[in-house]
Amino acid sequence: MQGYTVRGNIVDVVNKEIFPGEVKVQDGKIQSIIRKEVDENQYILPGLVDAHIHVESSMLCPSEFGRIASVHGTVATVSDPHEIANVMGMDGIRFMIDNAKLSPVKIYFGAPPCVPATSFESSGATLGPKEMEELLSQDEIKYMGEMMNFPGVIHKDPEIMEKIRIAQKYQKPIDGHAPGLKGKDAETYVKAGISTDHECFTMEEALEKIKYGMKIQIREGSAARNFDALSDLLKDNVNQVLFCSDDKHPHELVDGHINLLVKKSIELGYNPIDVIRAASYNAIKHYQLNVGLLQENDSADFIIVDNLNDFNILNTYVDGNQIAHKGKCLIKSQNISPVNRFFAKPISAEILKIKAEKGKLKSIDIIEGELVTKTFYSTPNIKDNNVVSDIENDVLKMVVLSRYREQKPAIGFIHNMGFKRGAIASTVAHDSHNIIAVGCSDEEIAKAINLVIEHKGGIALVNEEKENIFPLPVAGLMTFEDAWKSGKKYEEMEKAAIQLGSNLKAPYMTLSFMALLVIPELKLSDQGLFDGNQFCFTSLFEKE
């Protein structure tokens, strides 16, 4: 690789200063940084890092995710392959690692410890201590993924504690996942060795976890957005703050990534050096990533922006290679062979009937912009002695069907989805990624589910006028198509879902979390309605 020089205002996040100068790059490394007056007014700074993301949730393979992230100044991600591991186990993780080697950005993976996330759902794989040992012993596995089973940590479940011991043996940090956890339980969780949390949704919770020694990942994803609640951490706790997206759907990646958090933070008046440290330095140091910080002899991983207010990304470099320029990725798409695990068979509307019982109907109550839910009680809408969707009161039937084995679907109801007609279905359903669907009639729900089954994965929509699907042939989670085309297709699907009557910003993403049992309060697995507070199954009807 030939050497080259870039000039401008250099943002030094290590020594916390900004100065004019030039950066000389040779053989993929920063050869020298020289302070001098220059004509260019642009800014040179370390590339941005997403400190916690499930690449699978972008619906793009790692190689394609890297292409679209690169134009927004992302040079690296800390990726938890929890989603594909729940579908395909170690084979899924190996696929992600191999495909990420084709990515223009550096994608670092962790070892997901909660596969399956709970014993209350059907999953495609189980990763025990043996698999954790195999993964964490590898240099390319940088950390243990999010420890979602916080009750297991608090009550010292032997298998959970063995997984933690293995991570500590290899001196790998352990990510957390403990929404709303406070007090003595939070202290116990942190002191067990859990080092981060991306699930905080109040300042009180975040500050308490920081007090116990945690780092807080401020999340701004497609469904869960906590920046507004937590941004003040940048005032006095910047060393404990990392930026992340957690789950980011493809159409939103077209608009931006971690760069949007940086820009928003600077607009709010936070110190630019502190903000850029939260978007780069803190994650690189915490996870010991092989990512440069714009220091001599570092890997040449950096970006150039027009200024620190507009923060328009002009160029992105990884290992000295220019990978993006003014909104265009300079790296071509890669050819990918899909992998999958899918055994579901088509269903009939008849199998979705549920007999009425005495008492109030217990429904999942959606909270816009949050992964947590509440419980909504209503009088069931009964037709021919069966409970059906109550469109007038926005209580719709919801179904989760196992993709891994033949069994009866689980039936529940959900409030605040908003549909007045039609149905949607998806194989993106955290954490086990069974088929999840919601709709206004049993017939439409069955059609949407069968459309997904026909394509062995994807997101589908049906109404009286059309049937549409965005196929996801890679584990039922990802496409191998071009990132920008995929973003446009997904946006079309999202808009079509909203046109069914929903007021939600992201109906598909929101639905994908309605089977996530480890997030309170009420969720639905393929085995039944689940109370996340009591951590047990619960009845669909509340006896009066």
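Residues numbered from 1 in each chain as written. Predicted model: local features only at pLDDT ≥ 70, side-chain atom pairs only at ≥ 80, totals over all residues. Heavy atoms only, no water.

Asker: Report on the sheet that holds strand E10 (residues 194-197), specifying residues and quantitative values.
Answerer: Taken in spatial order, the 8 strands make up an open sheet running E5-E6-E7-E8-E9-E10-E11-E12, and their pairing is parallel. Both edges of this open sheet fall to strand E5 (48-53) and strand E12 (241-244), since each of them pairs with a single strand only. Neighbour-to-neighbour, the strand axes of this sheet turn through a mean angle of 30°, independent of strand direction. The sheet contact formed by E5 and strand E6 (residues 74-79) spans 4 bridges and is parallel. (Pairing = 2+ DSSP bridges. Helix = DSSP H or I, 4+ residues; strand = E, 2+ residues; numbered from the N terminus. Axes fitted to C-alpha atoms, helices over the stretch in contact; angles between N-to-C directions.)

Asker: Tell me about the nonpolar core, and please be specific about residues and values.
Answerer: Within the largest apolar cluster, 178 residues are counted, with the highest numbers of intra-cluster contacts made by Phe243, Val262, Met417, Ile424 and Ile449. By residue number, the principal contributor to this core is helix H2 (residues 82-100), which donates 10 residues. Once you skip the residues sitting within four places of it in the chain, Ile449 turns out to touch Ile347, Val399, Leu401, Ala425, Ile435 and Ala437. (Core = buried A, V, L, I, M, F, W, Y, C linked by side-chain atoms within 4.5 Å. Buried < 20%, exposed > 50% of the residue type's maximum accessible area, 1.4 Å probe, protein only. Contact = heavy atoms within 4.5 Å.)

Asker: Describe in detail the pairing of strand E24 (residues 435-439), supporting the description with residues and values.
Answerer: E24 sits mainly inside the fold: 5 of its 5 residues count as buried. Burial along E24 is two-sided: the residues Ile435, Ala437 and Gly439 and Ile436 and Val438 are all buried. Pairing between strand E21 (residues 395-401) and E24: 5 bridges, direction antiparallel. If you follow Val399 over to E24, its bridge partner there is Ala437. Across 4 bridges, the pairing between strand E23 (residues 423-426) and E24 is antiparallel. The partner of Ser426 across the bridge, within E24, is Ile436.

Asker: Could you give me a rundown of helix H15 (residues 483-498), with the residues and numbers involved?
Answerer: Here H15 spans 22 Å end to end across 16 residues, near enough to the 22 Å set by a 1.5 Å rise per residue. Among the residues making up H15, those that are buried are Ala483, Ser486, Gly487, Tyr490, Met493, Glu494, Ala496 and Ala497. Taken together, the buried residues of H15 touch helix H1 (62-70), helix H10 (250-255), E23, strand E25 (458-462), strand E26 (467-471) and helix H16 (507-512). Taking the backbone nitrogen of Trp484 as reference, a side-chain oxygen 3.0 Å away marks Asp482 as the first, capping residue of H15. (Expected span 1.5 Å × (residues − 1). Polar contact = N/O pair within 3.5 Å; in protein donor to acceptor, adjacent residues only side chain to side chain.)

Asker: Which residues make up empty space enclosed by the protein, and what values do they have?
Answerer: Empty pockets left among the atoms are what a rolling probe the size of a water molecule brings to light. The tally for this structure, following the rule as stated, stands at 4 cavities of 30 Å³ or more. Looking at the largest cavity, it is lined by 15 residues, and the ones nearest its centre are His54, Glu146, Asp247, Phe513 and Leu516. Here the lining of the largest cavity is composed, by residue class, of 4 nonpolar, 5 polar and 6 charged. Estimates place the volume of the second largest cavity at around 40 Å³. Around the second largest cavity sit Glu121, Val400, Ala429, His430, Asp431, Ser432, His433, Asn434, Ala515, Leu524, Ser525 and Asp526, which together line it. For the lining of the second largest cavity, the residue count by class is 4 nonpolar, 5 polar and 3 charged. (1 Å grid on protein atoms, 1.4 Å probe; cavity = no way out; pocket = protein on both sides within 12 Å on 5 of 7 lines; lining within 4 Å. Points joined across faces, edges and corners; volume = space filled by probe spheres on them. Nonpolar A, V, L, I, M, F, W, Y, C, P; charged D, E, K, R; others polar.)

Asker: Any details on the pairing of strand E18 (residues 373-378)? Residues and values, ideally.
Answerer: Direction of pairing for strand E17 (residues 360-366) relative to E18: antiparallel, over a ladder of 6 bridges. Residue Ile364 lies in a different strand from E18, and its bridge partner there is Thr375. Hairpin connection, E17 to E18: the antiparallel pair is bridged by 6 residues, and Gly369 has positive phi, about 80°.

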